[in-house]
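Residues per chain are reported as follows:
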Amino acid sequence: MPNPSKHAEGGRLSRGAGADGSTDALGLSRRRFVAALSAAGISGGLFPGVLWARLQDRTTVTPSVIEEAEKVAGLSFSAAERELMVRRLLVNRSWMEELREVEIPDGIAPAFEFDPTPRGRTAPEGVSALEVAEPATLPDPEDPTALAYAGIAELGALLRTGAVSSVRLTELYLDRLRRFGPELQAVVTLTEELALEQARQADAELAGGRDRGPLHGIPWGAKDLLATRGYPTTWGAAPYRNQRIDRDATVVGRLAEAGAVLIAKLTLGALARGDQWYGGQTLNPWNPAEGSSGSSAGPAAATSAGLVGFSVGSETVGSIVSPSARCGASGLRPTFGRVSRFGAMPLVWTMDKIGPICRSAEDCAIVLSAIQGPDGLDRAVREVPFVWASDRGPGGIRVGYLEAAFRAQAGEEENEISVLRSLSALGLGLQPLSFSPGLPVAAMRLIVSVEAASFFDTLTRSGADDLLLEQGEVDWPNTFRAGRLIPAVEYVQASRVRMMLVEALEEAWREVDVVVAPSFADDIILATNLTGHPSVTVPSGYRRNGTPTSITFLGGLWKDAEMLTVAKAYQEATGHHRRRPPRFS
């Protein structure tokens, strides 16, 4: 059936007197209506007559219905304007109904992309490079727990000397996943067959002199919104628990090319919200009486508990920051547009980001180097160099801190305050900064609601959203439904205000490369997700009850490497990231 939106603008559907045929209350004759469609190239089949019949159904769209809708949208029209709108709304509805008949593959993004680059500025150019220094010490290869908590560079050194094999590491982590995964509710699917195949291949290649890089032979876990050929990809939600996607997400494929070994699909809060999935609640290894936070719940919990060598999560609004803070992991949210989302469950196309959750900032840099860069499939990804050298110090990197946010923390989270002392001791001249863009940051959550409602439109209209565990006011089913009633104009206006926020942050932080902030200061998580800035969240100490506190380093756009360098220096000076949750050590 032809789509009228491709052929006719509303002005061509003439309104006039009834001299050339029967008319409705607005004077639109059937003959003139059909003629207008014919002039637009739509003359065959039943479509014109069917559409005309639809347009006569004024029982569901009436001036009184429009008046009620005005209250939802905060608008006010006159009685004459409402009467005039009826016909146009019926035409719009018929077009919407036709569009709903089109089956849209999950991998099709809207015909627009968000570009975080402010006006007048261009993204950096150059060639990516990675230099990983040899670790000063290595864990005892005969100590399984020491191996389980070793960093990527340490495991890589052991693999290359033959002190351990990838198969042994894989079996060690699989054993820990079986023992502790159910307790933490952190695992959806073990990919044992694939893992052992990849591990045997890694051992054979390393023995034969082929070295794919620092991730070669390292076992890892994927948040279960990353498509993996041959295994379910459940998105953490009951309606999709048997879903199989016959392709690998770009990140999964790139890590396989780097020689990494995929051992598990890890939990996420249902449809990337919170830590509740269809199998239960993912728990915090430091305090199993509380959830791990989300939505990268499984990756953070599994990494913290030493169940994987590293993991990969995703973030739209805090889904890497929050569970990393709760579980004491090091979580990297890259600059928007650095890592392809192809093959990952979309939530908000203009905000979704994929990044590693590891035991250290250095590990995050190593993983980012393997997964970043264009793939030709995610049109938002740009060719921007990532240059990392693990032996580079933070000298010359300009660092600021959100002064008011730290002042607000005094007496509550002393560990966060001590971060500034540690950074000053490294010789960094910290510049006080403010975060007051003068814009309604929280209101821009409209963007999240609209884009998420769009991707899950079929779920909502089918009624299968009733299968989701959480059904409260702020949960996804209600958010998806309410998102359908946000006017398109308001979505566009929110996107325009978003670009004002991009430029406001660019101006406020112009004199620094890295900004230090309490992880949950004000609206900083939402604001910097809207603007596309990178962040890395790391442990900053521990409370009296033994649970970790956190600090977040924010980078300027595309300054992921500078941000990670400062975070690495902080971790080397404090050692907080080396502490292990006692129950799993």
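Cut-offs used in this document
Residues numbered from 1 in each chain as written. Predicted model: local features only at pLDDT ≥ 70, side-chain atom pairs only at ≥ 80, totals over all residues. Heavy atoms only, no water. Helix = DSSP H or I, 4+ residues; strand = E, 2+ residues; numbered from the N terminus. Contact = heavy atoms within 4.5 Å. Areas by Shrake-Rupley, 256 points an atom, 1.4 Å probe, with all protein chains shown as cover. Disulfide = S-S within 2.5 Å. Buried < 20%, exposed > 50% of the residue type's maximum accessible area, 1.4 Å probe, protein only. pLDDT = per-residue confidence, 0-100. Patch = residues over 30% accessible without salt bridge, like charges linked within 9 Å, V, L, I, M, F, W, Y side chains within 5 Å. Salt bridge = Lys/Arg side-chain N within 4 Å of Asp/Glu carboxyl O. Polar contact = N/O pair within 3.5 Å; in protein donor to acceptor, adjacent residues only side chain to side chain. Phe/Tyr/Trp six-rings, centres within 6.5 Å; stacked < 30°, edge-to-face > 60°.

A. The overall build of the protein, seen in detail. On a plain count of helices and strands, the protein comes out with 20 helices and 17 strands. For the protein, long-range pairs separated by at least 24 residues make up 74% of all intrachain contacts whose partners lie at least 6 apart in sequence. Of the roughly 24200 Å² of accessible surface on the protein, 51% is carried by carbon and sulfur atoms.

B. Summary view of the state of the cysteines. Within the structure shown, the criterion is met by 0 disulfides. In this structure Cys-364 is not part of a disulfide, and its nearest cysteine sulfur, from Cys-358, lies 3.9 Å away. Of the residues examined, Cys-364 reaches a relative accessible area of 0% and is grouped as buried.

C. Summary view of the confidence of the model for the protein. Within the protein, residue pLDDT values average 90, and 89% of them lie at 70 or more. Within the protein, the element-level pLDDT minimum falls on helix α2 (residues 47-55), averaging 53, and the maximum on strand β3 (residues 219-223), averaging 99. Note that pLDDT drops below 50 for residues 1-28; the model gives that stretch 59 contacts with residues more than four away or on any other chain.

D. Structural view of a nonpolar patch on the surface. Among the surface-exposed residues, Val-102, Ile-104 and Ile-108 lie close enough to one another that they form a single nonpolar patch of about 290 Å² accessible area. Looking at the element boundaries, Val-102 is found in the loop between α4 (79-100) and β1 (129-131).

E. Region of the structure containing helix α19 (residues 524-531). Judged by how many residues are buried, α19 sits mostly within the fold: 8 of 8 residues are covered. Among the residues of α19, Ile-524, Ile-525, Leu-526, Ala-527, Thr-528, Asn-529, Leu-530 and Thr-531 are the ones counted as buried. The positive-phi residue at the C-terminal boundary of α19 is Gly-532, with phi of around 85°.

F. Structural view of unusual backbone geometry. The amide bond that connects Gly-294 to the next residue, Ser-295, takes the cis arrangement and shows omega of 10°. Residue placement: Ser-295 occurs in the loop between β8 (287-291) and α10 (297-304). Despite not being glycine, Leu-271 shows a phi value in the positive range, around 55°.

G. Spatial organisation of the pattern of salt bridges. Enumeration according to the criterion identifies 30 salt bridges in this entry. Its salt-bridge partner being Glu-70, residue Arg-82 comes within 2.6 Å of it at the nearest N-O pair. Of this pair, Arg-82 sits in helix α4 while Glu-70 is found in helix α3 (residues 63-73), placing the two residues 12 residues apart along the sequence. Summarising the burial analysis for this pair, Arg-82 and Glu-70 share the class buried. Between Lys-265 and Asp-224 there is a salt bridge, with the nearest N and O atoms lying 2.8 Å from each other. A residue pair is termed long-range when its members are at least 10 positions apart, and Lys-265 in strand β4 (residues 261-266) and Asp-224 in the loop between β3 and α9 (250-257) qualify at 41 residues. Classification of Lys-265 as buried rests on a relative accessible area of 0%. Given a relative accessible area of 0%, Asp-224 falls into the buried group. Here the salt bridges do not stand alone but share partners, grouping Glu-205, Arg-210 and Arg-212 into one network.

H. Fine view of the environment of Gly-181. Take Gly-181: it is sitting in helix α7 (residues 166-184). Judged by its relative accessible area of 2%, Gly-181 falls in the buried class. Sequence separation of Gly-181 and Leu-307 is 126 residues, and the distance between their C-alpha atoms is 7.8 Å. Gly-181 has contacts with Arg-176, Ala-186, Val-187 and Leu-307, leaving out every residue within four places of it along the chain.

I. Up close: the environment of Asn-242. One can find Asn-242 in the loop between β3 and α9. Residues Asn-242 and Tyr-231 lie 11 residues apart in sequence; the distance between their C-alpha atoms is 9.4 Å.

J. Structural context of the side chain of Gln-372. Summarising the element assignment, Gln-372 is placed in the loop between α12 (361-371) and β12 (387-389). Under the relative-accessibility criterion, Gln-372 is labelled buried at 12%. At a separation of 3.1 Å, a polar atom in the side chain of Gln-372 contacts the side chain of Ser-128. Filtering out sequence-adjacent residues up to four positions away, Gln-372 remains in contact with Ser-128, Arg-254, Arg-338, Val-339, Val-384 and Phe-386.

K. Molecular detail of the packing of aromatic side chains. Tallied over the entire structure, the rule returns 15 aromatic pairs. Relative to Phe-336, the ring of Phe-114 lies with its centre 5.4 Å away and its plane at 65°, an arrangement referred to as edge-to-face. In this pair, Phe-114 sits in the loop between α4 and β1 while Phe-336 sits in the loop between β10 (330-333) and β11 (353-358), placing the two residues 222 residues apart along the sequence. The class of Phe-114 is buried, set by a relative accessible area of 6%.

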